[in-house]
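Listed below are the residues making up each chain.
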Amino acid sequence: MTEQSLETVFEQLDELLVKLEGDEVSLEESFQMYHKGMELLKVCNDKIDTIEKKMMVLDENGEEHEF
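In this text the structure is predicted, and so the values were computed from the model without any measurement.

Rules and cut-offs
Residues numbered from 1 in each chain as written. Predicted model: local features only at pLDDT ≥ 70, side-chain atom pairs only at ≥ 80, totals over all residues. Heavy atoms only, no water. Helix = DSSP H or I, 4+ residues; strand = E, 2+ residues; numbered from the N terminus. Buried < 20%, exposed > 50% of the residue type's maximum accessible area, 1.4 Å probe, protein only. Contact = heavy atoms within 4.5 Å. Areas by Shrake-Rupley, 256 points an atom, 1.4 Å probe, with all protein chains shown as cover. Core = buried A, V, L, I, M, F, W, Y, C linked by side-chain atoms within 4.5 Å. Salt bridge = Lys/Arg side-chain N within 4 Å of Asp/Glu carboxyl O. Polar contact = N/O pair within 3.5 Å; in protein donor to acceptor, adjacent residues only side chain to side chain.

## Considerations on the overall build of the protein
- In terms of regular secondary structure, the protein is built from two helices and two strands.
- Going from N to C terminus, the protein has its helices and strands arranged as α-α-β-β.
- Burial statistics for the protein: of 67 residues in total, 16% are counted as buried.
- Here the contacts in the protein between residues at least 6 apart in sequence split such that 47% fall between residues at least 24 apart.
- With the model as given, the accessible surface of the protein reaches about 5,800 Å², and the carbon-plus-sulfur share is 54%.

Structure (structure tokens):
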């Protein structure tokens, strides 16, 4: 999977949800979409973990510390 922004991954998840809610999805297609959604959720979690590690917090003395 190529590097994508968090917003792009959320959009893909939203598209999958809309398709899954439709009446024209076979059971096999829904399992494939579920698997793809789980992969996208992992990408989201990895990106959020990376962002959290990069965040800096200011303490009461105004000094930066990693979050």
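There's more to say after this.
## Observations regarding the nonpolar core
- By size, the foremost hydrophobic cluster in this structure holds seven residues: Leu6, Val9, Leu13, Leu16, Met33, Leu40 and Cys44.
- Mapped by element, the contributors of at least two residues to this core are helix H1 (6–21) and helix H2 (27–54).
- Ranked by the residues each element gives to this core, the list is headed by H1, at four residues.
- Residues within four places of valine 9 in sequence aside, it is in contact with Gln4, Leu40, Val43, Cys44 and Lys47.

## With respect to the pattern of salt bridges
- Scanning the model with the defined rule gives one salt bridge in all.
- With its nearest N and O atoms 3.0 Å apart, the salt bridge here joins aspartate 46 to lysine 42. Linking aspartate 46 with lysine 42, this pair stays in helix H2, spanning four residues, or about one helical turn.

## A short note on the environment of leucine 16
- Position of leucine 16 relative to the elements: it lies in helix H1.
- Separated by 18 residues in sequence, leucine 16 and tyrosine 34 have C-alpha atoms that sit 8.2 Å apart.
- Setting aside residues no more than four positions away along its own chain, leucine 16 makes contact with Met33, Lys36, Gly37 and Leu40.

## Section: the side chain of glutamine 4
- In this fold, glutamine 4 is placed in the segment before H1.
- Discounting chain neighbours no more than four positions away, the residues touching glutamine 4 are Val9, Gln12 and Lys47.

## With respect to the environment of threonine 8
- Relative to the elements of secondary structure, threonine 8 occurs in helix H1.
- Within the local environment of threonine 8, its side chain forms a polar contact with the side chain of serine 5, the two groups lying 2.8 Å apart.

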